[in-house]
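Descriptive structure summary
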Amino acid sequence: MGAALGMESVAAQQEAAAQHVAEQLALLRGADKPALVGKGTEFLFFTACNDGRSEGYRVPRAPVFDTANNPSTAAKGLQEKEFELSKWAAGHGIPSARVEEIVEVRGYPVLVLEVIDDDGSALESSAVGSLLARMHRAAPPDFMVHGSEQNFGQFLAQRLSRRYALTQESLQLPRLPDQAALESWLNAELVARSVAHLDVRRQNFRVSSGMPTALFDWSNALLAPPEIEAARLAEYSLIEDNGIDYNEFLAGYQQSGGRLRDQGAAWRVLQLDTAIMLTGVFRSLAENKRLARLFADRASELAESL
């Protein structure tokens with residue numbers, strides 16, 4: 001109970017600080033007082049009216065994130081990534097909000113972007129599949145081609161091993177194969193490289209009559225095999241609030257020409273990468289004992305299968 005109250009207190013302090021940042025930015029831009037309309041584990045979203053139109057402010061909870069999944073991660077880097085990938089998406093026919101600029105306010109990098117309406121309708125998962133099949137065929141931006149994930153197998157094996165070690169003892173998880181084995185499976189079985197969003201769920205879309213009109217929150221995106229996107233969706237679909245039906249997604253993906261290798265050791269490693277990430281999220285960042293247990297059990301099952 002004490003830990004939960006402590007996290008709530010920190011969250012409230014973060015939101016109050018972000019509100020002040022948003023208000024100062026609105027003042028600088030000649031906009032009305034902003035309203036908080038969306039909350040994430042790392043960013044808060046505000047809207048303000050400026051000269052008769054709405055504009056959005058994506059404000060980080062802190063200038064530097066230090067969580068199990070994102071240790072010592074500068075918010076500015078994630079905002080720049082959002083800016084560049086939003087522009088890239090719009091240029092390749094992927095529905096996206098128009099981004100305007102990044103403004104530093106009181107040490108917080110704030111992304112100013114277009115506000116797109118959402119009618120609250122359920123997202124059609126087959127349409128998500130079609131969108132992602134198109135996205136995975138698009139040529140990635142140069143900054144990702146020359147980025148740090150060129151050796152995907154090495155990158156993911158290191159990340160998975162680090163995250164797994166953080167919870168293995170406390171949750172009594174089975175032993176994980178060593179990094180060399182994980183890397184070997186990934187590099188041998190998965191060859192293609194595409195832009196993978198890696199946080200595809202209803203909360204990160206704007207929707208009209210079931211159709212996606214904008215995809216946002218590119219913080220987790222990688223240049224990676226498209227299978228990692230599908231493996232993540234397979235695990236995300238276990239959470240009802242995410243609004244994704246995996247079988248419908250897969251049907252839409254395949255009907256639009258997408259191809260996936262969704263079996264073998266590498267596929268299970270990708271699923272495990274998501275399961276262990278979600279275990280950490282629901283044990284700390286967005287505490288939910290039921291979902292933490294669900295994904296800890298998934299992680300144990302998948303690790304055992306390797």
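Residues numbered from 1 in each chain as written. Predicted model: local features only at pLDDT ≥ 70, side-chain atom pairs only at ≥ 80, totals over all residues. Heavy atoms only, no water.

**As for the environment of A62**
Within the secondary structure layout, A62 lies in the loop between β3 (53-60) and β4 (64-65). Taking the relative accessible area as the measure of exposure, A62 reaches 17% and is therefore buried. The contacts of A62, once residues within four sequence positions are left out, are A75 and Y108. (Helix = DSSP H or I, 4+ residues; strand = E, 2+ residues; numbered from the N terminus. Buried < 20%, exposed > 50% of the residue type's maximum accessible area, 1.4 Å probe, protein only. Contact = heavy atoms within 4.5 Å.)

**Overview of the pattern of salt bridges**
Throughout the structure, instances matching the rule amount to 20 salt bridges. When the shortest N-O distance is used, the salt bridge between K33 and E23 registers 3.8 Å. One end of the pair, K33, is in the loop between α1 (2-29) and β1 (35-39); the other, E23, is in helix α1, and 10 residues separate them in sequence. The class for K33 is exposed, based on a relative accessible area of 66%. For E100, the salt bridge goes to R53, with nearest N and O atoms at 3.3 Å. Taken together, the residues span a long stretch of sequence, with E100 in strand β6 (residues 99-105) and R53 in strand β3 at a distance of 47 residues. For R53, a relative accessible area of 36% gives the class partly exposed. In the salt-bridge network here, residues are joined through shared partners; they are R29, R53, E55, R98, E100, E101 and E114. (Salt bridge = Lys/Arg side-chain N within 4 Å of Asp/Glu carboxyl O.)

**Brief notes about the packing of helix α3 (residues 125-137) against helix α8 (residues 246-255)**
Across the interface, α3 lies against α8 with an axial gap of 6 Å and an inter-helix angle of 45 degrees. With respect to their mutual orientation, α3 and α8 come out oblique. Handedness of the α3/α8 crossing: right-handed. Across the interface between the two elements, S125, S126, V128, G129, S130, L132, A133 and H136 from α3 touch E248, F249, G252 and Y253 from α8. (Axes fitted to C-alpha atoms, helices over the stretch in contact; angles between N-to-C directions. Parallel < 35°, antiparallel > 145°, perpendicular 65-115°, else oblique. Left-handed = near helix turned anticlockwise from the far one by under 90°.)

Note that all results are geometric; they support no functional claim without further evidence.
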